[in-house]
Amino acid sequence: MAKTLMVVDDSATMRKIITRTIRKAGLSVADEILEAGDGGEALEKLKSSPVDIVLCDINMPGMNGLEFVKQARQDPANANTKIIMISTESAEDLIHGVKADGADGYVTKPFTPETIQKELSPFM
Amino acid sequence: MALAQESLLQALLDGTRDVFETMMFMTVEPSNEMYEGIDGEALLGSITFEGVIEGCLGICTSLDSARAIACNMMGADNPDTLSSVEIADAMGEVANMVMGAVKGKIVASGDDIHVSIPTVVRGTELQNSLGDDAHEITETVSLDESIARLTLLYRFPA
C-alpha cells in the first residue's frame, strides 16, 4: 500500500525538489504529497491529515525542525508517524540529538535519489 | 580555532563542488579568467553564520546562470517556465547547502556555528560587506558554460 508523506521546508523550491526526488527514487508513495512551510504548520496539518512519513528541514523560520520533532512526539496521535530530518547540518552530535528526541532518520543536503531511497526504504 | 585562508578556500571550493555536482549535475572548476564582474543584472545568494567563527558566504551569478542552476536543481524541462521567485529561491538554497558543506569541513567536533536563513538580492555590482576587520576569500568558478563568484567574509569574535 502506498505511503502518505508530508514535506516540511520553508523553501517552496526545496519542497518541490524533495517531492521530485522521492518520485524519482521509485518509492511507493501516495499521489498527493502534503507540504508545510514550517514546524507549526506541519503540526496543524498532521491533526487533520495524519501521514505515514514526514520529511522535515531543520533550519526554518517560525518553528524549526528540532522543535517540531519534540512537539510531534508529545502527541500520541503521531506515535506511528516516521520523521526523517533533511538538513545541510552534518554534525554527529546534532544528528544523535534529534534522533534521541524522536526522529527516525536523517538525510544530509545535498542528496541524491539513492540517498532518499536508502533512508526511506525501511519505512515503506 | 585557527583556520588558514588556504583551508577555508579549499573548503569553499570542495563544498561548492559537492553541492553543484550532486544536486545540479554541473561541473565546478576555478576559473583562470580575470574576473571583470558580471554583465547586467545578477543574483546574490547569501547566508550569515556566527559562533567560533562568524561571517557571510555569498554566491553571485548572472540571471541566465541562476536560471540554469534552478532548472537543473528542479529538473525542469524548460528554464523559461521557472518564475523569478523560484529562481531566487533556488539561489538561496544553493547558498544554504554550500554553507552546510563548508561548515561540515571547517567545524571541529564540539565547536558550533549557527547559520541564518539564506537571503537573495537581485541587482548590479552586488557584493557583501562585513566591515574593515573582516578577512575575505573570493574565487571565481566556472559552472559549465557560465561563471559564479564565491565570497567568504569572516572574522573571529574577540
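Residue indices begin from 1 for each chain and proceed along its sequence in written order. Chain letters and ligand numbers both follow the written order, the letters beginning at A and the numbers at 1. Only residues with pLDDT of at least 70 are given local features in this predicted model, and only at 80 or more are side-chain atom pairs given and counted; all residues enter the totals for whole chains, interfaces and linings. No hydrogens and no water enter the side-chain calculation; it runs on all heavy atoms of the structure.

Take the sheet that holds strand β2 (residues 34–36) of chain A next. Residue and element names in this part refer to chain A. For two strands to pair, DSSP has to find at least two bridges joining them. Only DSSP runs of H or I reaching four residues or more are called helices, and only runs of E reaching two or more are called strands; each is numbered from the N terminus. Read across the sheet, 5 strands follow the order β2-β1-β3-β4-β5 without closing on themselves; strand pairing throughout is parallel. The sheet is open, and its two edges are formed by β2 and β5 (105–108), each paired on a single side. Direction aside, neighbouring strands of the sheet carry axes that sit 20° apart on average. Of the pairings in the sheet, the one linking strand β3 (residues 53–57) to strand β4 (residues 82–87) comprises 5 bridges and is parallel in character. The axes used here are C-alpha line fits, helices contributing only the stretch in contact, and every angle between their N-to-C directions lies in the interval 0 to 180 degrees.

Below, the discussion takes up the confidence of the model for chain A. Across chain A, the average pLDDT comes to 94, with 100% of residues at or above 70. Summarising per-element confidence for chain A, the mean pLDDT is lowest in helix α1 (residues 12–24) of chain A (91) and highest in strand β1 (residues 5–8) of chain A (98). By definition, pLDDT measures how confident the predictor is in each residue, and it falls between 0 and 100.

This part takes up the interface of chain A and chain B. Listed as interface residues are 19 residues of chain A and, on the opposing side, 20 residues of chain B. Two parts placed together each lose some accessible area under a 1.4 Å probe, and the buried area is that loss summed for both. Summed over both sides, the interface between chain A and chain B buries roughly 1,700 Å², with carbon and sulfur atoms accounting for 55% of that surface. In what follows, salt bridge is the name for a side-chain nitrogen of Lys or Arg lying within 4 Å of a carboxyl oxygen of Asp or Glu. Our count for the chain A to chain B interface comes out at 3 salt bridges. Of the charged contacts in the structure, one is a salt bridge between A:Lys109 and B:Glu93, with a shortest N-O distance of 3.6 Å. Here a polar contact is taken to be a pair of N or O atoms separated by no more than 3.5 Å, where protein atoms must pair a possible hydrogen donor with a possible acceptor and residues adjacent in sequence count only if both atoms sit in side chains. The interface formed by chain A and chain B contains 9 residue pairs in polar contact (both at pLDDT 80 or more). We call two residues in contact whenever any of their non-hydrogen atoms come within 4.5 Å of each other.

In this section: the pairing of strand β6 (residues 135–143) of chain B. Looking along a regular strand, one sees side chains alternate from face to face of the sheet. All names here are of chain B. With 3 bridges connecting them, strand β1 (residues 28–30) and β6 associate as antiparallel partners. The residue of β6 that forms the bridge with Glu-29 is Ser-142. Of the strand pairs in this sheet, β6 and strand β7 (residues 146–155) are connected by 9 bridges, and their pairing is antiparallel. Bridge pairing in β7 places Ser-142 opposite Ile-147. Two successive antiparallel strands, β6 and β7, enclose a turn made up of 2 residues, where Asp-144 displays a positive phi of approximately 50°.

So, about the pattern of salt bridges. For the structure on display, the rule yields 16 salt bridges over all chains. Here A:Glu41 and A:Lys45 are joined by a salt bridge, their closest N and O atoms 3.4 Å apart. One end of the pair, A:Glu41, and the other, A:Lys45, are both in helix α2 (residues 39–48), 4 residues apart, so they sit about a helical turn from each other. Note on A:Glu41: relative accessible area 35%, which makes it partly exposed. The salt bridge partner of B:Glu41 is B:Arg122, with a shortest N-O separation of 3.0 Å. You can see B:Glu41 sitting in the loop between β1 and β2 (42–51) and its partner B:Arg122 sitting in strand β5 (residues 119–123), a full 81 residues away along the chain. Exposed residues in this analysis have more than 50% of their type's maximum accessible area, buried residues have under 20%, and partly exposed residues fall in between, with area computed by a 1.4 Å probe over protein chains only. Look at B:Glu41 and you get partly exposed, because its relative accessible area is 36%. One connected set of salt bridges, linked through shared partners, spans A:Asp9, A:Asp57, A:Lys109 and B:Glu93.

Quick look at the packing of α2(A) against helix α3 (residues 65–74) of chain A now. How two helices sit against one another is set out by the angle between their axes and by the gap between those axes. Residues and elements named next belong to chain A. Their axes nearest at 9 Å, the elements α2 and α3 cross at an angle of 25°. Considering their axes alone, α2 and α3 lie roughly parallel with respect to each other. Of the two possible hands of crossing, α2 and α3 adopt the one that is right-handed. Two secondary-structure elements touch here, α2 through Gly-39, Ala-42, Leu-43 and Leu-46 and α3 through Phe-68, Gln-71 and Ala-72. Note that the term roughly parallel is reserved for angles under 35 degrees, roughly antiparallel for angles over 145, roughly perpendicular for angles of 65 to 115, and oblique for everything else. Handedness of a crossing follows from how the near helix is turned relative to the far one, being left-handed for an anticlockwise turn of less than a right angle and right-handed for a clockwise one.

Moving on to the packing of aromatic side chains. Pairing of aromatic rings covers Phe, Tyr and Trp, the last counted by its six-membered ring, and requires centre-to-centre distances within 6.5 Å; plane angles under 30 degrees mean stacked, over 60 mean edge-to-face, and any other angle means tilted. Inspection of the entire model under this criterion finds 1 aromatic pair over all chains. Centre to centre, the rings of B:Tyr154 and B:Phe156 are 5.9 Å apart; their planes meet at 80°, and the pair counts as edge-to-face.

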